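The chain contents come next:
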Amino acid sequence: MSEKEADKSVPRRSFLGMAWFATLSLVAVQGLVAILKFINPVPTGGFGGFIYAGKIEDFAINSINRILAGRFYISRTDQGVIALWQKCTHLGCAVPWDESEKIFHCPCHGSTFNEVGEVLGGPAPRPLDYFPAEVSEDGIWVDTSDPRSRNHHDPSHMTQVQG
Amino acid sequence: MRKLIKTVTESRVWRSFFRHGWPDNPLDRSLVMTTNIFFHLHPVKISRKSLRSSYSLGLGVISVIVFGILSFTGLLLMFYYVPSVERAYSYILLLQTRVPFGQLLRNMHRWGAHLMVIVVVLHMARVFYTGAYKPPREFNWVIGVVLLILTLAASFTGYLLPWDQLAYWAITVGTSVAAYEPLMGDSIRAILLGGSEVGQEALTRFYAFHILIIPGAIASLISLHLWRVRKDGGLAAQDAVKIEPEALQGTDNE
Amino acid sequence: MNENTESFSPQDRQMKTYSLVELVKGPTTMVDRGPDDSIFAFPMVAILEIFLTLGVILVLLLMSLTVNAPLEDLANLYETTDPAKAPWYFMGLQEMLEHGHPTLMAVAIPTLIVLFVIAIPYLDNSPAGAGIWFTSKRGKRIALFSALYALIVMPLYIYLDTSFPIREIYRGQLPDFFLNTVVPALLMVVIVLLPLLVLSRYKPSAREITMMLFTVLFTSAIIFTLVGFLFRGPGFELYWPWGMPEGYSPWDNL
Ligand code: HEM
Ligand code: FES
């Protein structure tokens, strides 16, 4: 063995040390990953699923109705209906509809939204999320497993009402 | 009577418990500190300066005391409390109305938690303004900051447990803030809550954090913190002489 | 003869009656110190600690006997309390949220502050002046000035930003990111760093710069917490604490 080679080679002692260190680190990382996977929640469904909101005649044009079971509001305008999730897009408070002011007014930090969920004021960064709604003969069905967030309100978010 | 005391304190059993005589002389006063687990945190001799209440305001010690009271009252509350969405609230009601001293214990635990936050913050302020974080105490300051964060976390996780309106919405708002963390926000919130909303999963997790994980971490870190205080040479007050010019003049004729 | 003499003969070694326990950096024990001003820790410290413990228990007990911990209705996920507040020690954060985007106000700024607080002993690392309140007379004036500055400017900022909210006035005309993140960030930086500009004309030491920054941040944190906790009423609007509408009292949130 020439001297140069000897320089590059790792002495046995430090090689074993390094091997130990590498192995232990690996074991530690594995353990950490396992713990992270363990504490990461498994999906539990929650309140998702199809919710029957009611007959279409029950929802007058330009009215807001709250469907408690689905945690959403059915807002009907002349453009159609939209099912707005009650959860404030700012920090998650339940937003009540203020009938006298005709706005959604969040009590937590004062965000306000109009009848289709657009932000009028306050710190909320996006319009209210909505759930896809289906309008059929027997009434309005809302899919609460699939909340849609959006940066701007668009009429396409609303479901047309025939007739 | 004297004789009895004498036989007892000189018996082998007593001697195996306490390895020092009655502490009325320098030797036994030293031994009382070094051979006793509660006192070995203190040095045998301590400078008058660091005892002066206008220096430390006793805030660090008060933090330890309040932590002790919280652990004790918390342990008792655990005899009744159930971390279940259906039952937590009604057990708090039961505790308050039916259990003897239940309301008192709950009050002490709650006010104690508020007190601890205040005292720890004040302790930090006093350490800062007395410059006691300076070398060699830098690392103890860092431990202190972690302790402060843990204190807040302990309070926050405990806040959810009564499962009343106050608890529910405070934790909803508080954990939504975490979701604004760039990159990992949503997963942090999910790991805290065990789901996307505050519900049974969240209550279970907060309970585990509140009764074991965080207090355990605090207790360990307090031990480290106090050990470091001694290793760093006691309170910074006794080093203070070093720069005060007036004080230095006094040592000229030494 | 000299060549072969070993400095440590076996005999010498046997006579060695000491051993090395620990290496300590620093001057020898008595350099620059006055006469030893220390007392035996035993009775004094133990007595002080026992009295302190009794005192804290007494205070907590009296508080708990007179005021009951709040308990509102069972958690109801359909209806948020109005106002919905976090625990008081997080009301500073919630108040910050009123004035900008959550990522800035509740994540970026607090993280920066915590990092700054952790870094303090490494930014100001001269051991001079440790263990003395405010380090010097000048230090005391700087702390006082910084506290007064924050005491005036921060409430003013909160009030003005609430009555003339840039975000609302230019909503839709300027990009959200600019109104909600850039402007508040700049404002905060200017407000916090402005007094440092004044200080820089006096050749401050690292300790004095740190003291100013810490004092401004600490005082601001207290102000934000108090405003959020005491001055925010239904709809999270600003009121006087004694003039809250709808029978709401901020103290119910404890
Ligand atoms: C659970 C919270 C805490 C407990 C129980 C605690 C306990 C203590 C105790 C008993 C002392 C002895 C001196 C005294 O009584 O003032 C001490 C000193 C000290 N603490 Fe803490 N502490 C806590 C949090 C903190 C925090 C938040 C900081 C700073 C960020 C901190 C930094 C220090 C430092 C640097 C010293 C040495 C002070 C000196 O030499 O004068 N501690 N702590
Ligand atoms: S949660 Fe609705 S405004 Fe903050």
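All of these numbers come straight from a predicted model, not from anything done at the bench.

### A short note on the pairing of strand 4 (residues 80-85) of chain A
Looking along a regular strand, one sees side chains alternate from face to face of the sheet. All names here are of chain A. Counting buried positions over the six residues of strand 4 gives six, a clear majority of the element. With burial as the criterion, each face of strand 4 is covered, one bearing G80, I82 and L84 and the other bearing V81, A83 and W85. Once strand 3 (residues 72-77) ends, the chain turns through two residues before running back antiparallel as strand 4. Relative to strand 9 (residues 130-131), strand 4 runs antiparallel, the two sharing two bridges. Residue pairing for strand 9: L84 is matched across the bridge by Y130.

### Looking at the environment of L122 of chain B
All names here are of chain B. Structurally, L122 is set in helix 8 (residues 102-129). L122 sits in the partly exposed class, given a relative accessible area of 41%. Separated by 59 residues in the primary sequence, L122 and S63 place their C-alpha atoms 9.8 Å from one another.

### Quick word on the domain arrangement of chain A
The domain boundaries assigned to chain A delineate domain 1 (3-39) and domain 2 (50-157). In this structure, domain 1 of chain A and domain 2 of chain A have C-alpha centres spaced 56 Å apart.

### Digging into the site of ligand 1
Residue and element names in this part refer to chain B. Within the structure, ligand 1 sits among 28 residues, and Y55, H123, G144, H225 and A236 are positioned closest to it. Between ligand 1 and V61, the relevant distance is 3.3 Å, taken from an oxygen atom to a main-chain nitrogen or oxygen of the residue. Between R137 and ligand 1, the recorded distance is 3.2 Å, taken from a side-chain N or O atom to an oxygen atom. Mapped by element, the contributors of at least two residues to the shell around ligand 1 are helix 5 (53-56), helix 6 (59-77), helix 8, helix 9 (138-160) and helix 12 (200-231). Per element, the largest residue contribution to the shell around ligand 1 is seven residues, and it comes from helix 9. For the shell around ligand 1, a count of residues per class yields 17 nonpolar, nine polar and two charged.

### Quick look at the packing of helix 5 (residues 137-163) of chain C against helix 8 (residues 206-230) of chain C
Residue and element names in this part refer to chain C. As a packed pair, helix 5 and helix 8 sit with axes 8 Å apart at the nearest point and diverge in direction by 35°. Handedness of the crossing formed by helix 5 with helix 8: right-handed. In the contact of helix 5 with helix 8, the residues fall into 17 nonpolar, five polar and two charged.

### What about the packing of helix 7 (residues 176-199) of chain C against helix 8 of chain C?
All names here are of chain C. Between helix 7 and helix 8, whose axes approach to 10 Å, the crossing angle comes to 145°. Of the two elements, helix 7 crosses helix 8, and the hand of that crossing is right-handed. Along its contact with helix 7, which presents M188, V192, L193, P195, L196 and L199, the element helix 8 presents E208, I209, M212, L213, V216, L217 and F224. When its residues are assigned to classes, the contact of helix 7 with helix 8 shows 12 nonpolar, no polar and one charged.

### Quick word on the packing of aromatic side chains
Per the stated rule, a full pass over the model turns up 26 aromatic pairs over all chains. Note on F128 of chain B and W141 of chain B: the rings are 6.4 Å apart at their centroids and 50° apart in plane angle, and the pair reads as tilted. Placement of F128 of chain B in helix 8 and of W141 of chain B in helix 9 is noted, with a sequence separation of 13 residues between them. Given the relative accessible area of 5%, W141 of chain B is considered buried. Their ring planes at 45° and their centres at 5.2 Å tell us that Y129 of chain B and F134 of chain C sit as a pair that is tilted. Taken together, the residues span two chains, with Y129 of chain B in helix 8 and F134 of chain C in the loop between helix 4 (102-123) and helix 5. An identical accessibility class is assigned to Y129 of chain B and F134 of chain C; each is buried. Looking at R207 of chain C, its charged tip hangs above the ring of F128 of chain B, at a distance of 5.2 Å from the centre.

### What about the pattern of salt bridges?
A side chain of one charge can pair with a side chain of the opposite charge if their charged atoms are brought near each other. Residues and elements named next belong to chain C. All told, the structure shown has seven salt bridges over all chains when counted by the stated rule. Residue R167 is joined to E168 by a salt bridge in which the shortest nitrogen-to-oxygen separation is 3.3 Å. For E168, a relative accessible area of 26% corresponds to the partly exposed category.

### Examining the interface of chain A and chain B
Taken residue by residue, the interface counts 17 residues in chain A and 15 residues in chain B. The three residues of chain A that bury the most area against chain B are I39, P41 and L91 of chain A, which together make up 42% of that side's buried surface. For the interface between chain A and chain B, the tally reads one salt bridge. We note a salt bridge from E197 of chain B to R71 of chain A, for which the minimum N-O separation is 2.7 Å. Counting across the interface, chain A meets chain B through five residue pairs in polar contact (both at pLDDT 80 or more).

Reading guide: rules and limits
Along each chain, residue indices are assigned from 1 in the same order as the chain's sequence is written. Each chain gets a letter, beginning with A, and each ligand a number, beginning with 1, in the order they are written. Residues qualify for local features only when their pLDDT is at least 70, as the model is predicted, and side-chain atom pairs are given and counted only at 80 or more; totals for whole chains, interfaces and linings, by contrast, use all residues. Water and hydrogen atoms were dropped before computing side-chain values, which therefore reflect all heavy atoms in the structure. For each residue, the accessible area found with a 1.4 Å probe, counting protein chains only, is set against the maximum for its type, and the residue is called buried under 20%, exposed over 50%, and partly exposed in between. A run of H or I in DSSP becomes a helix once it reaches four residues, and a run of E becomes a strand once it reaches two; helices and strands are each numbered from the N terminus. What makes two strands pair is DSSP finding at least two bridges between them. An automatic or database domain assignment supplies the residue ranges for each domain. Here, proximity means that at least one heavy atom of the residue falls within 4 Å of the molecule or strand. Under this definition, polar contacts are N or O atom pairs within 3.5 Å; protein pairs additionally need one hydrogen-donor-capable and one acceptor-capable atom, and for neighbouring residues in sequence, both atoms have to be side-chain atoms. The classification used treats Ala, Val, Leu, Ile, Met, Phe, Trp, Tyr, Cys and Pro as nonpolar, Asp, Glu, Lys and Arg as charged, and all other residues, Gly among them, as polar. An axis is simply a line fitted to the C-alpha atoms; with a helix, the fit covers only the stretch in contact. Between two such axes, the angle follows the N-to-C directions and lies from 0 to 180 degrees. Put simply, a crossing is left-handed when the front helix is turned counterclockwise from the back one by less than a right angle, and right-handed when it is turned clockwise. We call two residues in contact whenever any of their non-hydrogen atoms come within 4.5 Å of each other. In this scheme Phe, Tyr and Trp rings, the latter by its six-membered ring, pair at centre separations within 6.5 Å, and the angle between planes marks the pair as stacked below 30 degrees, edge-to-face above 60, and tilted otherwise. Cation placement over rings: the criterion is NZ of Lys or CZ of Arg within 6 Å of the ring centroid and within 35° of the ring normal. Put simply, a salt bridge is a Lys or Arg side-chain nitrogen that is within 4 Å of an Asp or Glu carboxyl oxygen. Two parts lose some accessible area (1.4 Å probe) when they are put together, and adding that loss for both gives the buried area.

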